[in-house]
Amino acid sequence: MLLTLTLATGPIAMQPTSDRVSTYLQDLSVQYTTAHGLPDAPVQTLAIAGEAIYAGTAQGVYRASLQKPDRWQKVAEQPATHLIPDGAGGVVGIGGQRLFRLDAGGQTRTLYEGDAELIGLQAASRGGYWTLTREALLRIHDGKVAERLPAPTNRQLRWFHEDTRARLYAHAEGELERRFYRWQGGEWQLVPVKDNRGRYYDDLWLCAISDAIGHLWIGARTGLILSDGEGWYLSREVYSETPAHPVAELIPPYGMIRCLAFAPNGDLWAGTPEGACRLRDGRWSYFWGRRWLPDNRVHAIAVDAQNRAWIATERGVACIESRPMTLRQKAEHYERLIALRHNRNGFVTNCDWDDPNDPDSWKIEASDNDGLWTALYCAAQVFQYAATKDPAARERARKSMHALLELERLTGIPGFPARSIVRKDETRYYRSTGEWHESPVDPNYIWKGDTSSDELDGHYFIWAVYYDLCADDAEKERIRGTVRRVTDHLMQNNWRLIDKDGKPTRWAIFNPEAINDDPIWEEERGLNALSILSHLKVAHHITGDAKYQQAYEQLIQKHHYLLNAVTQKMLPPYDINHSDDQLAFLCYYPLLLYETNPEYRRLWLMSLERSWQIERPERSPLFNFIYGALTGKPCDVEAAVQTLQEWPWDLRNWACRNSHRLDIVLDTRKGLREPQSVHIVPYSEREVMRWNGNPYRLDGGDPLGRREDDGTAFLLPYWMGRYHRLIEE
């Protein structure tokens, strides 16, 4: 991708060759539990018959319409462990010792009742139904046992499968071993191992299905096995240690695969005690936690004609579908969520539920970082307006910009922006902990102090973006005044923010004595040097006052701040601070748009290149698009788009766990505080995060999902990419 950089009135204008983003498949989950009519019992089996889906439980059989599945009704008292369609809109099932048919009208009829528990069921190619006991495989036809195939000597049968070529297989267990058999010549014959492995890696096999060409797909304790049914196997198992490249080896995310199902489009679904897995186009996806499932213990999977996977779990049923969608449609979905419960008088951030089961019990946090998070949301609206001229986006941006400017006005301290402000008559919010003060400017408000450098990074970023792309003359004048007061406050107080108590805040420290000479600030040296230089560049651009450019050059030439900034991204043995990564890229953006001196740009581009190459494996669309917009170089647009496509539709912070997976390589470096992977897992399979989070973190979130993110982590890079024409739809 080649971009041409030319100087514009404000930012550098781009004429890039755009990547056209096509429609993709967005995974969505809808879950059905006792609230929808299902019993408080494990759902053990599912069957799709006609226009209905049936669920078998120990408390009976339940049915719902495939078109309107939000209401499940009990249609039979008969307990059911296995159900299959009967071809006429009803189902055939087993429960206890009974084989029964439940027709579409809700009438139940016994087909067979034996003297042993039935543990398996499949339609027989020769007519009737195969049912399994531990002692024999029975073919029931016209209410009678048409065939009885006894278990191998000194073995008990565990499961069976008749494949698409009418070959019969069974897995049987003895006192010391388990083996796989095929019915041939009137007896069960051991299926040999013919490949170069020469032995079973793991003999605990749990289920099998067959495809149209006769391949067996076998679920095992340690993964997935493919077989021709004659003894040749292709193992996708993990028996001892994870392979060096488990994704390339097509290792499934988890073992103990106890149910398998094909979809009409070719998807393979696998159910495990730790969630569901899907093999699509040669890659596995993992569905774990309440984002996807009512419970991780999966018992059965059925796939309908629309390729929707219906997943039976210990606590209900999930329906996962892949819906054709554009990134723009996803952005509109997040905007609806923000308008519903994330916008507090222009401040946009997460919301929390007092009762996670009551959708209307949410409150918005008046947080430590209202300035930063709202600045990022406001920037997303500005870029949307600049890209589309949508007046609604401009109005949302204006509302948030007004809120941001009020942060400085209401403290009564010229140039000191609050972390947050709250009207005393507000509802639907809660205050974060920390120091709160009465506003001397308006007694109807309180404000939060101890403002950090994070907040300033967000403020200067949005002041620049809004000023250049959205502001009218009156707004420019107000922004100009605010920028001047904040920058003067820093300069007059030795590059520090001075709080209400006359003392510097904890984190907004930029002076050379601390940054260069105090070991406490060693890890922040590069970032804080980058930050203050970026802020001065923004101040000079917006106000035109030469003193800010002079201060910028003095910090570079006298205090080597530019040299500090070249290596601002800290690496081990220092802590890896992902929050600092986000702040650095927010500072790079306006600085490199406004810096035209080639001597300075040489070093700034060294800093940006180093930072981006370190961050590059994370596939961050924010970092990638900032890098591409500023350099004109290829910026892994495809990887960025992949991340945007993977971004969760459901933004609640549901618990996610990945450290137990078979298909990841754990980072074994010393000093890590929690499990991390060497390569990032898909963003749809990890906890919701912003770009200050650690994408290598494997576990996290809340089992109850009591917090919901606002979606700005998607909206800002998406609209920035659209504005800079890095992507088009």
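Fair warning: this is a prediction, and the values are worked out from it, not measured in the lab.

## Comments concerning the nonpolar core
Looking at soluble globular proteins, one finds that nonpolar side chains tend to be buried together.
Piece 1. Ile 462, Trp 463, Tyr 466 and Trp 604 are the most contacted members of the largest nonpolar core, which has 120 residues in total.
Piece 2. For this core, the leading source of residues is helix 2 (residues 370-388), giving twelve residues.
Piece 3. Once you skip the residues sitting within four places of it in the chain, Ile 462 turns out to touch Ala 375, Cys 378, Ala 379, Val 382, Met 401, Leu 404 and Tyr 467.
Piece 4. If you look at the next biggest cluster of nonpolar residues, it comprises 17 residues, including Leu 46, Leu 66, Trp 72 and Trp 310.

## Overview of the confidence of the model for the chain
Piece 1. Averaged over all residues, the pLDDT of the chain equals 94, while 97% of them reach at least 70.
Piece 2. Confidence over residues 1-15 falls short of pLDDT 50; this stretch has 49 contacts with residues more than four positions distant or in other chains.

## Considerations on the side chain of Thr 313
Piece 1. Residue position: Thr 313 is located in strand 30 (residues 309-313).
Piece 2. On the basis of relative accessibility, which here comes to 0%, the residue Thr 313 falls in the buried class.
Piece 3. Apart from residues no more than four positions distant in its own chain, Thr 313 is found in contact with Pro 42, Val 43, Pro 294, Asp 295, Arg 297, Val 298 and His 299.

## Focus on the environment of Asp 468
Piece 1. Note that Asp 468 resides in helix 4 (residues 453-469).
Piece 2. Along the sequence, Asp 468 and Ile 542 sit 74 residues apart, while their C-alpha atoms lie 8.8 Å from each other.
Piece 3. Side chain to side chain, Asp 468 and His 541 meet in a polar contact 2.9 Å long.

## A look at the pattern of salt bridges
Piece 1. Taken as a whole and assessed by the stated rule, the structure comprises 59 salt bridges.
Piece 2. Here Asp 86 and Arg 101 are joined by a salt bridge, their closest N and O atoms 3.6 Å apart. Here Asp 86, found in the loop between strand 9 (82-85) and strand 10 (91-95), pairs with Arg 101, found in strand 11 (residues 98-102); they are 15 residues apart in sequence, far enough to count as distant.
Piece 3. Residue classification places Asp 86 among the buried positions, given a relative accessible area of 18%.
Piece 4. A relative accessible area of 21% places Arg 101 in the partly exposed class.
Piece 5. Among the salt bridges present, the one from Glu 729 reaches Arg 722, with a minimum N-O distance of 3.9 Å.
Piece 6. According to the relative accessible area criterion, Glu 729 is partly exposed, its value standing at 25%.
Piece 7. Since its relative accessible area comes to 17%, Arg 722 is described here as buried.
Piece 8. Each of Arg 158, Glu 173, Arg 178 and Asp 203 takes part in one network of salt bridges that share partners.

## Details of the pairing of strand 39 (residues 445-448)
Piece 1. Side chains Tyr 445 and Trp 447 of strand 39 all project onto a buried face; the interleaved residues Ile 446 and Lys 448 project onto the opposite face, where all are buried too.
Piece 2. Note that strand 36 (residues 420-423) and strand 39 share four bridges and pair antiparallel. The partner of Ile 421 across the bridge, within strand 39, is Trp 447.
Piece 3. Looking at chain direction, strand 38 (residues 436-438) and strand 39 are connected through three bridges and run antiparallel. Within strand 39, the position partnered with His 437 by the bridge is Trp 447.
Piece 4. In sequence, strand 38 turns back onto strand 39 through a hairpin of six residues.

## Some points on the packing of helix 12 (residues 621-631) against helix 13 (residues 637-646)
Piece 1. Contact geometry of helix 12 with helix 13 gives a least axis separation of 9 Å together with a crossing angle of 150°. By the angle between their axes, helix 12 is roughly antiparallel relative to helix 13. For the pair helix 12 and helix 13, the crossing hand works out as left-handed. Contacts between helix 12 and helix 13 involve Pro 621, Asn 624 and Phe 625 from the first element and Val 637, Ala 640, Thr 643 and Leu 644 from the second.
Piece 2. Of the residues that constitute the contact of helix 12 with helix 13, the class distribution is five nonpolar, two polar and no charged.

## Concerning the sheet that holds strand 34 (residues 351-353)
Piece 1. A sheet is described by the order of its strands in space; here four strands give the open sequence 37-35-34-42, paired in mixed fashion. Edge positions in the sheet fall to strand 37 (429-431) and strand 42 (707-708), since each of these pairs with one other strand and no more.
Piece 2. As paired strands, strand 34 and strand 42 are joined by two bridges and run antiparallel to one another. Following the sheet pairing, Cys 351 is matched in strand 42 by Glu 708.
Piece 3. Along the sheet, helix 1 (residues 327-341) contacts strand 34, strand 35 (362-366) and strand 42; its crossing angle with strand 35, the most-contacted strand, is approximately 85°.

## Regarding the sheet that holds strand 12 (residues 108-113)
Piece 1. Here we have four strands laid out as an open sheet, ordered 9-10-11-12, and antiparallel in their pairing. On the outer flanks of this sheet lie strand 9 and strand 12, each paired with one strand and no other. Each neighbouring strand pair of the sheet contributes to a mean axis angle of 20°, computed without reference to strand direction.
Piece 2. Judged from the four bridges that link them, strand 9 and strand 10 form a sheet pairing that is antiparallel. Its bridge partner lying in strand 10, Pro 85 is registered against Val 91.

## Concerning the pairing of strand 27 (residues 275-280)
Piece 1. Of all six residues in strand 27, six are buried, a share of seventy percent or more.
Piece 2. Where burial is concerned, the two faces of strand 27 agree: the one with Gly 275, Cys 277 and Leu 279 and the one with Ala 276, Arg 278 and Arg 280 are both buried.
Piece 3. Judged from the five bridges that link them, strand 26 (residues 268-272) and strand 27 form a sheet pairing that is antiparallel. Bridge pairing links Ala 270 to Cys 277 in strand 27.
Piece 4. Where strand 26 hands over to strand 27, the hairpin turn is made up of two residues, counted between the paired strands.
Piece 5. Of the pairings in the sheet, the one linking strand 27 to strand 28 (residues 283-287) comprises five bridges and is antiparallel in character.

How each quantity is defined
Residues numbered from 1 in each chain as written. Predicted model: local features only at pLDDT ≥ 70, side-chain atom pairs only at ≥ 80, totals over all residues. Heavy atoms only, no water. Core = buried A, V, L, I, M, F, W, Y, C linked by side-chain atoms within 4.5 Å. Buried < 20%, exposed > 50% of the residue type's maximum accessible area, 1.4 Å probe, protein only. Helix = DSSP H or I, 4+ residues; strand = E, 2+ residues; numbered from the N terminus. Contact = heavy atoms within 4.5 Å. pLDDT = per-residue confidence, 0-100. Polar contact = N/O pair within 3.5 Å; in protein donor to acceptor, adjacent residues only side chain to side chain. Salt bridge = Lys/Arg side-chain N within 4 Å of Asp/Glu carboxyl O. Pairing = 2+ DSSP bridges. Axes fitted to C-alpha atoms, helices over the stretch in contact; angles between N-to-C directions. Parallel < 35°, antiparallel > 145°, perpendicular 65-115°, else oblique. Left-handed = near helix turned anticlockwise from the far one by under 90°. Nonpolar A, V, L, I, M, F, W, Y, C, P; charged D, E, K, R; others polar.

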